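Examining the three-dimensional arrangement
Each chain, letter by letter, is given below.
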Amino acid sequence: MRPILTSEGSFPRQSGSPEEAILRAVDFQRRYGLGLLTDGEQRADMLAIYDSLPGIRSVGGIPRIVGRVLPLDDPAGFAKIRDLDFLRKMFPDLRFRVNLTGPTTFAFACASSGAGPAYRSAIDPALHDDLTESIRPIAREVNRRGADLQLDDPILSQGMRDYGSALQRLDAIASEVPREKTSVHVCGGLIRGKVLDALLRLENVSTLNLAFAGRLERENVPLLDRKVWEDRDMFLGAGCISAQIARVEEIMSPEAVTGLLRTIADHVTSERIRYVLPDCGFRATPAEFVPQILENMRRGFDGAFAKGA
């Protein structure tokens, strides 16, 4: 089957109320042919989404751990779920994905300066376990609404001494959604600490959304081994165009995108590529560059995967 065009989730902030901004973000995605849509992270970024959980409070705009992290009494009231309900009401025939930040990335990003009285530090296993058990009910609500789930845990690309616990926590959250509808996003280089080898051990995740377009991320391509992906029955989200640019001249051409996608397909076969997407979110990308990035990605995608294939 032909891969699906999608995004990593975040887009530049659109104008209007959160609901108006979400509608504009969805319209923007559809304009460039994306088939798996998100809310564009218009209400909150990947860290601020959890500031409604008991034990987490925004301080100076950054979520901080101020007490023991607990699940919401009513996870259906979580902002991401309410926005999903809104989108499904507005677009009942479209396919949506909800992005949730993984516990490892959230803990290290928000507890590095202190974890409050309930936890010793950002590496306290109890903090990671409590985050996991607080995110699981939200993932369950995603599944009840028939949406896909992506767990964003980019910090894993920095390497870990032991991935075991981090993978178990991701698998626990992913277990709330059918495996074929669950993906994990880790950007950055994957050579350090054998990150890819670890990620391929995930049991309840079918797709890894990885980056291949940046200068360092190009080194990820030779790590792809077709047999391993087939043996593990894993699929790839191919991050094929860089979102981290400062000048318009840095935007990859459609031809470069096509070439990169063909090279990736040579390593894992096109049948193992489930999604084609930018290599990172657009939160930090200058808004004026995003249309050209998406247009070049779409044209490069068409060059690599013929329509009807």
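Described in the following lines is the structure provided in the data block. Along every chain, residues carry numbers that run from 1 in the direction the sequence is written. Residue-level local features of this predicted model are given only where pLDDT is at least 70; pairs of side-chain atoms are given and counted only at 80 or more, and the full residue set underlies all totals for whole chains, interfaces and linings. Each side-chain value is derived from all of the structure's non-hydrogen atoms; neither hydrogens nor water enter the calculation.

Structural notes on the overall build of the chain
Strands here mean DSSP runs of E at least two residues long; helices mean DSSP runs of H or I at least four residues long; both are numbered from the N terminus. Check the secondary structure of the chain and you find nine helices and nine strands. A globule of 309 residues ought to have a C-alpha radius of gyration of about 19 Å, and the chain, at 19 Å, matches this closely. Referenced to the eigenvectors of the C-alpha coordinate spread, the extents of the chain come out at roughly 55 × 45 × 35 Å. Exposed residues in this analysis have more than 50% of their type's maximum accessible area, buried residues have under 20%, and partly exposed residues fall in between, with area computed by a 1.4 Å probe over protein chains only. By residue count, 54% of the 309 residues in the chain fall in the buried class. Of the contacts made within the chain by residues no fewer than 6 positions apart, 77% connect residues no fewer than 24 positions apart. Residue burial considers only the protein chains on display, and all accessible areas are found by Shrake-Rupley using a 1.4 Å probe. Roughly 13100 Å² of accessible area belongs to the chain as shown, and the carbon and sulfur atoms make up 50% of that amount. What the globule rule says is 2.2 Å times the number of residues to the power 0.38, and the radius of gyration is computed from C-alpha atoms. Should any heavy atoms of two residues lie within 4.5 Å, those residues are considered in contact.

Topic: unusual backbone geometry
Phi is positive for Glu41, close to 50°, though the residue is something other than glycine. Along the chain, Glu41 turns up in the loop between helix H1 (18-31) and strand E2 (56-59). Positive phi outside glycine occurs at Asp233, with the angle close to 50°. Mapped onto the secondary structure, Asp233 falls in the loop between helix H7 (226-231) and strand E8 (235-239).

Here's the deal with the nonpolar core
By size, the foremost hydrophobic cluster in this structure holds 92 residues, and its most contacted members are Leu100, Leu208, Leu210, Trp229 and Ile264. When residues no more than four places from it in sequence are discounted, the contact partners of Leu208 are Val184, Leu196, Leu199, Leu200, Leu202, Trp229, Met234, Phe235, Leu236 and Gly237. For our purposes a nonpolar core is just a set of buried Ala, Val, Leu, Ile, Met, Phe, Trp, Tyr and Cys residues, chained together by side-chain atoms within 4.5 Å.

Some thoughts on the packing of helix H4 (residues 125-144) against helix H5 (residues 164-174)
Every axis corresponds to a line fitted to the C-alpha atoms, with the helix fit spanning only the stretch in contact, and the corresponding angles, defined between N-to-C directions, vary from 0 to 180 degrees. Running from amino to carboxyl end, H4 crosses H5 at an angle of 20°, the nearest separation of the two axes being 8 Å. Taken as axis vectors, H4 and H5 run roughly parallel relative to one another. Where H4 crosses over H5, the two elements pack in a sense that is right-handed. Contacts from Pro125, His128, Asp129, Thr132, Ile135, Arg136 and Ala139 of H4 reach H5 at Arg169, Ala172 and Ile173. Split by residue class, the contact of H4 with H5 holds five nonpolar, two polar and three charged. Here the angle decides the label: under 35 degrees means roughly parallel, over 145 means roughly antiparallel, 65 to 115 means roughly perpendicular, and every other value means oblique. Left-handed describes a crossing in which the near helix is turned anticlockwise from the far one by less than a right angle; the clockwise case is right-handed. Under the convention adopted here, Pro, Cys and the residues Ala, Val, Leu, Ile, Met, Phe, Trp and Tyr are nonpolar, Asp, Glu, Lys and Arg are charged, and Gly plus all remaining residues are polar.

Here's the deal with H1
Multiply 1.5 Å by the residue count of a helix minus one, and that product is the helix's expected span. Here H1 contains 14 residues, and its C-alpha end-to-end distance of 20 Å stays within 8% of the 20 Å for a straight helix at 1.5 Å per residue. Listing the buried residues of H1 in full gives Ala21, Ile22, Ala25, Val26, Phe28 and Gln29. The buried residues of H1 all sit within an arc of 160° when viewed along its axis, so they share a single face. Buried residues belonging to H1 abut helix H2 (79-90) and helix H9 (290-304). Throughout, the arc means that of the directions going from the helix axis to the C-beta atoms.

Here's the deal with the environment of Leu167
Note that Leu167 resides in helix H5. Take Leu167: its relative accessible area is 6%, and that puts it in the buried class. In this structure the C-alpha to C-alpha distance between Leu167 and Gly300, which are 133 residues apart in sequence, comes to 33 Å. If sequence neighbours within four positions are ignored, Leu167 has contacts with Ala198, Leu199, Arg201 and Leu202.

A few points about the sheet that holds strand E4 (residues 97-101)
Here we have seven strands laid out as an open sheet, ordered E1-E9-E8-E7-E6-E5-E4, and parallel in their pairing. Both outer strands of the open sheet, strand E1 (4-5) and E4, are each paired with one neighbouring strand and no more. Paired strands are those between which DSSP finds at least two bridges. With four bridges connecting them, E8 and strand E9 (residues 273-277) associate as parallel partners. By the bridge assignment, Gly237 is partnered in E9 with Tyr275. Relative to the sheet, H5 contacts strand E5 (148-152) and strand E6 (182-186), its axis offset from that of E5 by approximately 160°.

Thoughts on the pattern of salt bridges
Criterion for a salt bridge: a side-chain nitrogen of Lys or Arg within 4 Å of a carboxyl oxygen of Asp or Glu. Within this structure, the stated rule accounts for 24 salt bridges. In this structure, Arg43 and Glu19 form a salt bridge, with 3.1 Å as the shortest nitrogen-oxygen distance. Linking Arg43 in the loop between H1 and E2 with Glu19 in helix H1, this pair joins segments that are 24 residues apart in sequence. By relative accessible area, which is 33% here, Arg43 ends up partly exposed. Given a relative accessible area of 33%, Glu19 falls into the partly exposed group. Linking Asp27 and Arg31 is a salt bridge whose minimum nitrogen-to-oxygen distance equals 2.9 Å. Here Asp27 pairs with Arg31, and both are found in helix H1, just four residues apart, close to one helical turn. Under the relative-accessibility criterion, Arg31 is labelled partly exposed at 47%. Sharing partners across several salt bridges, the network here consists of Asp85, Glu141, Arg144 and Arg145.

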